[in-house]
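Each chain is listed here by its residues.
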Amino acid sequence: MSDFTIQRDHSLGIDGARQLAQHWAHHARRQHEMDCCIRAEDDCERVTFERTGVTGELIATVDRFTLTVSLGFLLSGFSDRIRGEIEKNLDAAIAKAAAASGGASEVSKGSLA
């Protein structure tokens, strides 16, 4: 098993974060055949996702995205590549959403576990 966490600060606010989390879930369903469950909570949007060999959760709050991923044995050998692609795509999505909302397009990279 290989587990990792990606955190990104943002300035989208809770509505923008919710919208981006929902877009991310729809993309994960379409492009990666993930089973996603979106749950709106008072202070965040929570997306749980899974498919064979992958489980995880995306939590979008007013100022941060936290994405945790667990890869099964067969995919753990690709952990660095998968993590890199997720980071690149998440950063691009946040920058695009920030630009569309008129906010700063720079992504603040939080701690990576």
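Right above here is the structure, for reference.
Residues numbered from 1 in each chain as written. Predicted model: local features only at pLDDT ≥ 70, side-chain atom pairs only at ≥ 80, totals over all residues. Heavy atoms only, no water.

Asks: What is the right way to look at the environment of alanine 98 in this model?
Replies: Residue placement: alanine 98 occurs in helix 3 (residues 79-100). Separated by 82 residues in the primary sequence, alanine 98 and glycine 16 place their C-alpha atoms 8.4 Å from one another. (Helix = DSSP H or I, 4+ residues; strand = E, 2+ residues; numbered from the N terminus.)

Asks: Can you help me understand helix 3 in this one?
Replies: An α-helical turn contains 3.6 residues, so any two residues separated by three or four positions project in the same direction. Compared with an ideal rise of 1.5 Å per residue, which puts 22 residues at 32 Å, helix 3 spans 31 Å between its outermost C-alpha atoms and is within 8% of the ideal. Three or more residues of helix 3 are buried, namely Ser79, Arg83, Glu87, Leu90, Asp91, Ile94 and Ala98. Take helix 3 and look down its axis: the buried residues cluster within an arc of 100°, on one side only. With respect to the buried face of helix 3, the exposed residues turned more than 90 degrees away are Arg81, Lys96, Ala99 and Ala100. A positive backbone phi angle near 85° is found at glycine 102, which sits one or two residues after helix 3. (Expected span 1.5 Å × (residues − 1). Buried < 20%, exposed > 50% of the residue type's maximum accessible area, 1.4 Å probe, protein only. Arc of directions from axis to C-beta.)

Asks: What's the story with the layout of surface pockets in this structure? I'm lost.
Replies: Empty space left among the atoms is revealed by rolling a probe the size of a water molecule over them. In this structure, the largest pocket encloses a volume near 620 Å³. Along its surface, the largest pocket is lined by 23 residues, and His32, Ile82, Glu85, Ile86 and Asn89 are the ones closest to its centre. The dominant element in the lining of the largest pocket, judged by the number of residues it contributes, is helix 3, at eight residues. Here the residues of the lining of the largest pocket are counted per class, giving 15 nonpolar, five polar and three charged. Looking at the second largest pocket, its volume works out to about 220 Å³. Elements with a minimum of two residues in the lining of the second largest pocket: helix 1 (13-32) and helix 3. The dominant element in the lining of the second largest pocket, judged by the number of residues it contributes, is helix 1, at four residues. (1 Å grid on protein atoms, 1.4 Å probe; cavity = no way out; pocket = protein on both sides within 12 Å on 5 of 7 lines; lining within 4 Å. Points joined across faces, edges and corners; volume = space filled by probe spheres on them. Nonpolar A, V, L, I, M, F, W, Y, C, P; charged D, E, K, R; others polar.)

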